[in-house]
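# Inside the fold
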Amino acid sequence: MLNLKNLNIHRGSRIVFSRLNAEIKTSTLTLIKGKNGSGKSTLLRTIAGLTPIEGGEINQNGVNIFHAKEQWIRKLIFIDNKNGLSDELTVKENLLAWVKIKGWDTNEKNLILALESVGMQKYMNFYISQCSDGLKKRAALARLYFSFFNEVDFWLLDEPTNALDHSSYLLLQNLLSKFIKMKGSILIASHDKESLIKNYETFDIDKLRNTNTI
Amino acid sequence: MFDWLANPNRFNRITNKMQPVLLLASLITIILGLYFGLYDSPKDYQQGHAVRIMYVHVPSAWLASGLYLLLAISSIFYIVWKHPLADLMSRATAPIGALFSLLTLVTGSLWGKPMWGTWWVWDARLTSMLILFFFYIGYILLSNAFERKIDGSKSAAVLAIVGIINLPIIKFSVDWWHTLHQPSSLLKFDGPTIDGQMLLPLILMIIGFCLFASYIIILNVKTKLIEKKCEALILKLNLNEISNIR
Amino acid sequence: MNNKELNWIYLFISHIKRDILINSRSLFDIVSIFGFMLLIIILFPMGIGPIQEKLDIVSNAVLWIGLIIAIIPSLEKMIQRDYTNGWLDQIATSPIPLEIVLLAKSISHWIIVIIPLIITSPIFAILLGLEFNQIPWLILSMSIGGLSICFIGIIGAALILGARRGNILLPVIILPLIIPILIFGVGVNEAIKIGLSPLPNLFLLIAFSLIYLVISPFISAILIRIAISR
């Protein structure tokens, strides 16, 4: 459970949330819903430690997650629609560079397995500049596979289904349910009504705004 | 002290009382300074009446450097404590500082003509002042270069802090450069040792300029405060309109 | 590798390798920087005239100004690309400190952009008729000066992240900061030319670089964190 207490979040001079009190269920998939501009992405970026909190705190099991920020960050994977892939590197080189900055083991076998998990083994020597949006998204999602042999508790995914075709959608579902089975927590920001897996929780920002006067 | 002043209402209340006093005091000291400077002081035996430019040149040079220090300090306040008034302070100070450094350059050039026979000489002090002027310009350009004002404020504040670290190095390097290329300068910009009668108007002018600069900066901050309020109001109105349409 | 004890030096070197790999895929950029510097240096004799005595007076300054102006447009790219493609977000959500990445970035920029210019600088020196004994000192001073330009440049690139017309703004912000490098750098070679010891200027140049080696990663990290939070 993530407890959001009196959370104030600003983006530039715009106040996105003020005194937000809410709970986000963990160890399951939680779908963060909301209109465009409702603050879904900002909330994910805040939990990932990218956007600073102006006031309030986020607690996990009563402990402020940013008190040991480095420990917290080590245990999460954040992917948004910017993907974080360099045009000049190949799919595989991108993944390798990413695994390195995470400080994880970079053996060849795991890389190939990760690429296979999103069906990218055929494209692993393609430059990102040659890839379509869907392929780029899959190249980014290949990172998720590394949580199966490293200590990762959280996936923060911002619109992960954008540009994915049906077969890769199924592959993503696979990854998600596998991670849930491992007691991992997944937060997905999406305006996609369709549920990615069967059992999931929702976190509706629009509803919160109406009841909570945030 | 800054925290206490940082409340905009309190700031307005206090400065409302201060402003007329500052204006009056600065006018009196500047008029007195000009009287003593232009009329009731001896002319220099070498430079003649041209020496009187000093009474404007030296105070503006002091202010131009002093205001950069103020700019850097308020920028540090802004970066560390994130108070919006510190940002308004820097934004209000920068153009004034730029103007004073420009005034220094212009008067320096006017003074240079009778002294050296040319409008511009690569004197170490003048060159440093020119670079300081560019720092001010860089600050002003950067603070206005962003879609959202707050992004510009943050970036420009960091630039001002980098500037205050770098300026002493630049000053040193320019002096170094100057002695390297011109081992013995014939005339220093200070002129010969200053006579007591010249000192009085000089001090009066420096005090007058300081008072005047603080008056203008406070006025500038207040204008920016009102501007900010207007922007917030317009934003609110627009939002209301949108919700009415809905 | 042990998960808890990250080897920062290993991460630092692997990030340098990554940046060099990226830049080596766009070798065209590096060639065009070389061409730009060559053209700047050719323009001076065109403007001054082919008289060697006149060129001798300005040759050191021309080389340095050519180097500085040729490098400046490339500085923006140090951060801009990785900011827009989201790589810096990934860095910020991983255990590697941002400061280390930024230091790696300025050093890899030095290796991939400045070093080629310095290796080819004897060509420029010959064009301007420098004495042969000056060339080693030119290479040495330009390497150190170029490194500190990279340190300052990464601050500049971070300052203009997200600004309108940042590419025009960058030189206006950077050039005043670079003035000491120009003065000390030219000083080294001028001292050699008139038979004095180049060491005072060289030490000042080194001291200046060391100051920026220390402060540049921290200041640019502050700026990147601000830019990421938008």
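The structure presented is a predicted model; accordingly, all values stated were derived computationally and were not measured.

## Notes on the overall build of chain B
Counting its regular elements, chain B contains 7 helices and 0 strands. Moving toward the C terminus, one meets the helices and strands of chain B in the order α-α-α-α-α-α-α. Taken across its 246 residues, chain B has 39% of its residues classed as buried. Excluding contacts between residues fewer than 6 apart, the proportion of contacts in chain B whose partners are at least 24 apart in sequence is 78%.

## A short note on the overall build of chain A
Across its full length, chain A holds 7 helices and 9 strands. Compactness check: chain A gives a C-alpha radius of gyration of 17 Å against a globular reference of 17 Å for 214 residues, within 12% of the reference. Sorting the 214 residues of chain A into buried and exposed places 43% on the buried side. Taking the contacts inside chain A whose residues are at least 6 apart along the sequence as the reference set, 72% of them involve residues at least 24 apart.

## Some remarks on the domain arrangement of chain A
Interface extent is often summarised as the accessible area lost during association of the parts. All names here are of chain A. According to the domain assignment, chain A consists of domain 1 (1-74 + 153-160 + 183-214) and domain 2 (76-152). On a C-alpha basis, the centres of domain 1 and domain 2 stand 25 Å from each other. Counting residues per element, the side of domain 1 that touches domain 2 draws most heavily on strand β7 (residues 154-158), which supplies 5 residues.

## Regarding helix α9 (residues 166-193) of chain C
The α-helix winds at 3.6 residues per turn, so residues separated by three or four positions along the chain end up facing the same way. Residue and element names in this part refer to chain C. For α9, with 28 residues, the first-to-last C-alpha span of 39 Å sits near the 40 Å given by 1.5 Å per residue. Largest kink in α9: about 40°, centred on I178, with the proline P180 one to four residues after it. Looking one or two residues beyond α9, the residue adopting positive phi is G195, at roughly 80°.

## Here we look at the sheet that holds strand β6 (residues 76-79) of chain A
Residues and elements named next belong to chain A. The strand order β6-β7-β8-β3-β9 describes an open sheet built from 5 strands, whose pairing is parallel. This sheet does not close on itself; its edge strands, each paired only once, are β6 and β9 (201-204). Within this sheet the neighbouring strands show an average axis-to-axis angle of 15°, counted without direction. Where strand β3 (residues 29-33) meets strand β8 (residues 185-189), 4 bridges bridge the pair, whose relative direction is parallel. Each residue of the ladder has a partner; that of L29, found in β8, is I186. Across the sheet, helix α1 (residues 40-47) lies against β3, β7 and β8, angled at about 145° from β8, the strand it touches most.

## Details of the sheet that holds strand β2 (residues 14-24) of chain A
All names here are of chain A. Overall, antiparallel pairing links the 4 strands, which are arranged β2-β1-β4-β5 in an open sheet. The two strands at the open ends of the sheet, each matched to only one other strand, are β2 and β5 (63-64). As judged from the 2 bridges shared by strand β4 (residues 55-60) and β5, these two strands associate in the antiparallel manner. Counterpart to N59 in the pairing with β5 is N64.

## So, the environment of L199(B)
Of note, L199(B) is situated in helix α7 (residues 196-245). Sequence separation of L199(B) and L235(B) is 36 residues, and the distance between their C-alpha atoms is 54 Å.

## Looking at the interface of chain C and chain A
Of the residues lining the interface, 24 residues belong to chain C; the matching set on chain A comes to 28 residues. Mapped onto the side of chain C that touches chain A, the elements with two or more residues apiece are α1 (8-24) and α5 (87-92) of chain C. Of the residues contributing to the side of chain C that touches chain A, the split by class is 11 nonpolar, 9 polar and 4 charged.

## Focus on helix α4 (residues 77-84) of chain C
Residues and elements named next belong to chain C. By the burial criterion, the buried members of α4 are M78, I79 and D82. For α4, the angular spread of the buried residues around the axis is 75°, confining them to a single face. In this structure, the buried side of α4 is in contact with α3 (52-75), α5, α6 (98-119) and α8 (135-159). Directly after α4, the chain includes G86, whose backbone phi takes a positive value near 90°.

## Details of the packing of helix α3 (residues 91-102) of chain A against helix α4 (residues 108-117) of chain A
Residues and elements named next belong to chain A. One can describe the packing of α3 onto α4 by two numbers: an axis separation of 11 Å at closest approach and a directional angle of 115°. In the crossing of α3 with α4, the sense of the turn from one axis to the other is right-handed. Residues K92, L95 and L96 of α3 lie in contact with α4, whose contacting residues are L111, A114 and L115.

## Points about the packing of α6(C) against α8(C)
All names here are of chain C. Direction vectors running N to C along α6 and α8 enclose 140°, while the axes themselves pass 9 Å from each other. When the axes of α6 and α8 are compared, the pair comes out oblique. Handedness of the crossing formed by α6 with α8: right-handed. Contact with α6, carried on its side by L102, K105, S106, H109, W110, I114 and I118, involves I139, M142, S143, G146, L147, C150, F151 and I154 of α8 and no other residues of that element.

## With respect to the confidence of the model for chain A
Considering every residue of chain A, the mean pLDDT works out to 86; 94% of them sit at 70 or more. Per-element confidence in chain A ranges from a low mean pLDDT of 70 for helix α7 (residues 205-212) of chain A to a high of 93 for β6(A).

## Concerning the confidence of the model for chain B
Per-chain confidence: chain B averages 85 in pLDDT, with 87% of residues scoring 70 or above. Two numbers describe this predicted complex: its pTM, 0.90, and its ipTM, 0.91.

## Focus: unusual backbone geometry
All names here are of chain A. Although it is not a glycine, N83 sits at a positive phi angle of roughly 65°. With respect to the helices and strands, the residue N83 is situated in the loop between β6 and α3. Of note in the backbone geometry, E159 takes a positive phi value of approximately 50° without being a glycine. Secondary-structure assignment places E159 in the loop between β7 and α6 (166-181).

The rules behind these values
For every chain, the first residue of the written sequence is number 1, and numbering continues from 1 onward in sequence order. Here chains are named by letter from A upward and ligands by number from 1 upward, in the order in which they appear as written. With the structure being a predicted model, the display of local features is reserved for residues of pLDDT at least 70 and the display and counting of side-chain atom pairs for 80 or more, all residues being used for whole-chain, interface and lining totals. Only runs of H or I of at least four residues qualify as helices and only runs of E of at least two qualify as strands under DSSP, and these elements are numbered from the N terminus. Our exposure labels follow a C-beta count within 10 Å of each residue's own C-beta, placed from the backbone: buried means 20 or more other C-beta atoms, exposed means 12 or fewer, and partly exposed covers the counts in between. The contact criterion used is a C-beta to C-beta distance within 7 Å, with each C-beta placed from the backbone. A radius of gyration in this sense is built from C-alpha atoms; the matching globule rule multiplies 2.2 Å by the number of residues raised to 0.38. An automatic or database domain assignment supplies the start and end points of every domain. In a helix, the anticipated span is given by 1.5 Å times the number of residues less one. Here the bend at a residue is taken as the angle between two axes, fitted respectively to the seven residues that end there and the seven that start there. If DSSP finds at least two bridges between two strands, the strands pair. Here, axes are lines fitted to C-alpha atoms. For helices the fit covers the stretch in contact, and angles between N-to-C directions go from 0 to 180 degrees. For this classification, Asp, Glu, Lys and Arg are treated as charged, while Ala, Val, Leu, Ile, Met, Phe, Trp, Tyr, Cys and Pro are nonpolar and the rest, including Gly, are polar. What the arc measures is the spread of directions leading from the helix axis to the C-beta atoms. Note on convention: the crossing is left-handed when the near helix lies turned anticlockwise from the far helix by less than a right angle, right-handed when the turn is clockwise. Convention used here: angles under 35 degrees read as roughly parallel, angles over 145 as roughly antiparallel, angles from 65 to 115 as roughly perpendicular, and any remaining angle as oblique. Confidence of the prediction at every residue is given by pLDDT, a number between 0 and 100.

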